[in-house]
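# Architecture and fold: a report
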Amino acid sequence: RYLSRRVRSPESSPSEVSNALDNTKELQLLVQKEEELEREIMLKGGYEDVLVLLTEGAAEINVNVSELTAEQSVQIMDIAQEKLGTKVTVAVNYVN
């Protein structure tokens, strides 16, 4: 909402509008990557509910199951690194 207000505000300079639009595009791409990774983990791992949070150089993956084996965690990490690259730190958690 903040970025949308900045773009629409008559008080915003052209530079501020441009920055706000760039930031909006970056956030949309980030959300798209998160959703794609969630779908891929659900599809390949057979999970019903996955939440991915991406930040600069890191991915936190939460799977809604009662437990994850080490093998399942490694599979999820492998999927994430295939999608995001090996320089991303991946943390896998399970929540019930």
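Residues numbered from 1 in each chain as written. Predicted model: local features only at pLDDT ≥ 70, side-chain atom pairs only at ≥ 80, totals over all residues. Heavy atoms only, no water.

### A look at the overall build of the protein chain
The following threshold applies: Numbered from the N terminus, helices here are DSSP runs of H or I no shorter than four residues, and strands are runs of E no shorter than two. Computation of the radius of gyration draws on C-alpha atoms alone. For the globule rule, the value is 2.2 Å times the number of residues to the power 0.38. When accessible area is computed with a 1.4 Å probe and restricted to protein chains, residues below 20% of their type maximum are described as buried, those above 50% as exposed, and intermediate ones as partly exposed. When checking whether two residues touch, look at their non-hydrogen atoms; a contact exists if any pair is within 4.5 Å. The protein chains shown are the only cover counted for residues, whose accessible areas, like all others here, come from Shrake-Rupley with a 1.4 Å probe.
Each helix and strand in the protein chain was counted, giving three helices and three strands. Going from the N terminus to the C terminus, the protein chain shows its helices and strands as α-α-β-β-α-β. In summary, the protein chain has a C-alpha radius of gyration of 17 Å against a globular reference of 12 Å for 96 residues, an excess of more than 25%. Each of the three principal axes of the protein chain carries a C-alpha extent, and together these read 55 × 25 × 20 Å. Counting over 96 residues, the protein chain shows a buried share of 27%. Once local pairs closer than 6 in sequence are excluded, the contacts in the protein chain between residues at least 24 apart make up 50%. If you sum the accessible surface of the protein chain, you get close to 6,900 Å²; carbon and sulfur atoms cover 49% of it.

### Observations regarding the nonpolar core
The cut-off we apply is this: Nonpolar cores are built from buried Ala, Val, Leu, Ile, Met, Phe, Trp, Tyr and Cys residues. Side-chain atoms within 4.5 Å join them into one set.
Ile41, Tyr47, Ile61, Val63 and Ile76 are the most contacted members of the largest nonpolar core, which has 17 residues in total. For this core, the secondary-structure elements that each account for two or more residues are α2 (14-45), β1 (50-55), β2 (58-64), α3 (70-84) and β3 (89-95). Setting aside residues up to four positions removed in sequence, isoleucine 76 forms contacts with Ile41, Tyr47, Ile61, Val63, Leu68 and Val92.

### Some thoughts on the sheet that holds β3
Under the convention used in this document: Two strands form a pair only when DSSP identifies at least two bridges running between them. Note on geometry: axes are lines fitted to C-alpha atoms, helical ones only across the stretch in contact, with angles between N-to-C directions running from 0 to 180 degrees.
With mixed pairing, three strands are arranged side by side in an open sheet as β1-β2-β3. Both edges of this open sheet fall to β1 and β3, since each of them pairs with a single strand only. Between one strand and the next, the sheet's axes are offset by a mean angle of 15°, whatever the strand orientation. For β1 and β2, the ladder comprises six bridges, and the chain directions are antiparallel. Directly across from leucine 51, in β2, lies its bridge partner asparagine 62. Helix-sheet contacts for α2 involve β1 and β2, and the interaxial angle to β1 is about 145°. Sitting on the sheet, α3 touches β1, β2 and β3, and the angle it makes with β3 is about 135°.

### Points about the side chain of asparagine 62
Here asparagine 62 lies in strand β2. Residue classification places asparagine 62 among the buried residues on the basis of a relative accessible area of 13%. Beyond its immediate stretch of four places on either side in the chain, asparagine 62 contacts Asp49, Val50, Leu51 and Asn93.

### Let's talk about the pairing of β2
The line we're drawing: For a crossover, the right-handed case is the one in which the path from the first strand over the helix to the second runs clockwise, viewed with the strands pointing away from the viewer.
Counting the residues between successive antiparallel strands, the hairpin from β1 to β2 contains two residues, one of them, glycine 57, with a positive phi of roughly 75°. The pairing of β2 with β3 spans seven bridges and is parallel. The residue bridging asparagine 62 from the neighbouring strand is asparagine 93, located in β3. The parallel pair β2 and β3, bridged by α3, forms a crossover whose chirality is right-handed.

### Considerations on the environment of valine 63
Within the fold, valine 63 resides in strand β2. Accessibility expressed as a relative area gives 0% for valine 63, which makes it buried. Considered as a pair, valine 63 and tyrosine 47 are 16 residues apart in the sequence and their alpha carbons are 7.4 Å apart. If we skip the residues at most four places from it in the chain, valine 63 touches Tyr47, Asp49, Val50, Leu68, Ile76, Asn93, Tyr94 and Val95.

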